[in-house]
Amino acid sequence: MIVILFGPPGAGKGTQAQRLEREKGLVQLSTGDMLRAAVAHGTEMGLKAKAKMEAGELVSDDIVIGIIRDRIAEDDCKNGFILDGFPRTVAQAEALDGMLKEQGLKLNAVVEMKVDDNALVDRIAGRYTCAKCNAGYHDTNLKPKVDGVCDECGSTEFKRRPDDNAETVAKRLEEYYAQTAPVLPYYAEKGVLRQVDGMASIDEVAKQIDAVLAA
Ligand code: AP5
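Residues numbered from 1 in each chain as written. Predicted model: local features only at pLDDT ≥ 70, side-chain atom pairs only at ≥ 80, totals over all residues. Heavy atoms only, no water.

Novice: Whenever I open this one, the environment of Phe-86 confuses me. Can you help?
Specialist: In this fold, Phe-86 is placed in the loop between strand S3 (81-84) and helix H5 (90-102). Accessibility expressed as a relative area gives 1% for Phe-86, which makes it buried. Residues Phe-86 and Gly-32, spaced 54 residues apart in sequence, show a C-alpha to C-alpha distance of 8.7 Å. (Helix = DSSP H or I, 4+ residues; strand = E, 2+ residues; numbered from the N terminus. Buried < 20%, exposed > 50% of the residue type's maximum accessible area, 1.4 Å probe, protein only.)

Structural data, given as structure tokens:
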């Protein structure tokens, strides 16, 4: 199964993609995570992406299309994957269509997660992740079962993203409405666009996504 989780920054794409990976064995392909890894390793691509990410702007289509093209050709993607944060422009959506066609793969659904802007800012401000395994948490909405200990790997070290500050979040939202929301009609026309209420609780959103994928 190939699924795109679609929505603005903080909508819950990563949270639900990690869950689908755990529960359904689909691979989470997050372009944000891949770019952050490239920045952390100081690769040429990371150096190009860093300034854009820190400013809350989109990284060039060429870079992200290239990383997804290479990634979906890997063996672990054969049983299906979840795209989290890609595509983010119409050019990326068109390139994805070409890649899937080349590999004889079919896109099953694009799940739009609808969330109010005010809630997005609150979610992003409270977000943190495990420094070791990247499991996601929130100061109030999703705490580890044991305070200060990652549920998934037991690590006691956590981190927050440098682009999760008020100024950059405002820019990321602006970019979403200007460049990414216009991708929605592209998928609506293809008949694969589905919506879930991203304002609901994490468990309720999970149920809605599972229902969409089972239909
Ligand atoms: P990226 O890493 O993709 O960030 P984003 O799209 O801004 O999305 P987020 O990771 O911020 O949010 P999310 O929807 O995953 O929410 P989460 O599940 O964490 O991109 C970062 C940057 O990389 C971009 O700005 C750009 O520069 C670059 N980039 C990446 N992809 C690119 C591309 N394709 N093209 C060009 N540039 C690209 O949830 C947020 C918090 O809310 C968590 O703490 C969670 O616990 C909580 N939460 C989740 N769901 C709920 C719920 N239902 N109720 C209450 N709380 C919830």
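There is more to say after this.
Novice: Where do I start with the sheet that holds strand S5 (residues 127-130) in this structure?
Specialist: Strands in a sheet are paired, the pairing made by backbone hydrogen bonds, and the direction either parallel or antiparallel. Taken together, three strands build an open sheet; the order of strands is S6-S5-S7 and the sheet is antiparallel. Looking at strand neighbours, the two that pair on one side only are strand S6 (136-138) and strand S7 (158-159), the edges of this open sheet. The pairing of S5 with S7 spans two bridges and is classified as antiparallel. Within the sheet, the bridge partner assigned to Cys-130 lies in S7 and is Phe-158. (Pairing = 2+ DSSP bridges.)

Novice: I would appreciate a short explanation of helix H6 (residues 117-125) in the present structure.
Specialist: An α-helical turn contains 3.6 residues, so a residue and the one three or four places further along point in the same direction. Regarding H6, the residues found buried are Ala-119, Leu-120, Arg-123 and Ile-124. Projection of H6 onto a plane perpendicular to its axis shows the buried side chains occupying an angular sector of 130 degrees, all on one side. Residues of H6 that are exposed and point over 90 degrees away from its buried face: Asn-118 and Ala-125. In this structure, the buried residues of H6 make contact with S5, S6 and helix H7 (166-180). (Arc of directions from axis to C-beta. Contact = heavy atoms within 4.5 Å.)

Novice: How do you make sense of H5 when you look at a structure like this?
Specialist: Across its 13 residues, H5 extends 19 Å between first and last C-alpha, which sits within 8% of the 18 Å expected from 1.5 Å per residue. Within the sequence span of H5, burial applies to Gln-92, Ala-93, Ala-95, Leu-96, Met-99 and Leu-100. One face of H5 carries all of its buried residues, which in axial projection span an arc of 165 degrees. Along H5, the residues that are exposed and aim more than 90 degrees away from the buried face are Lys-101 and Glu-102. In this structure, the buried residues of H5 make contact with strand S1 (2-6), helix H4 (61-72), S3 and helix H8 (183-190). (Expected span 1.5 Å × (residues − 1).)

Novice: For this particular structure, what's the right way to read the environment of Glu-112?
Specialist: Residue position: Glu-112 is located in strand S4 (residues 109-114). For Glu-112, a relative accessible area of 8% puts it in the buried group. Glu-112 sits 32 residues away from Gly-80 along the chain, and the two C-alpha atoms are 19 Å apart. Once residues lying within four places of it in the same chain are set aside, the contact partners of Glu-112 are Phe-6, Leu-184, Leu-193, Arg-194, Gln-195 and Val-196.

Novice: What's the story with the side chain of Gln-28 in this structure? I'm lost.
Specialist: With respect to the element layout, Gln-28 can be found in strand S2 (residues 27-30). Since its relative accessible area comes to 14%, Gln-28 is described here as buried. Looking at Gln-28, its side chain comes within polar contact range of the side chain of Asp-84, at 2.9 Å. For Gln-28, the contacting residues outside a window of four places in its chain are Gly-14, Ala-17, Gln-18, Glu-21, Asp-33, Ile-82 and Asp-84. (Polar contact = N/O pair within 3.5 Å; in protein donor to acceptor, adjacent residues only side chain to side chain.)

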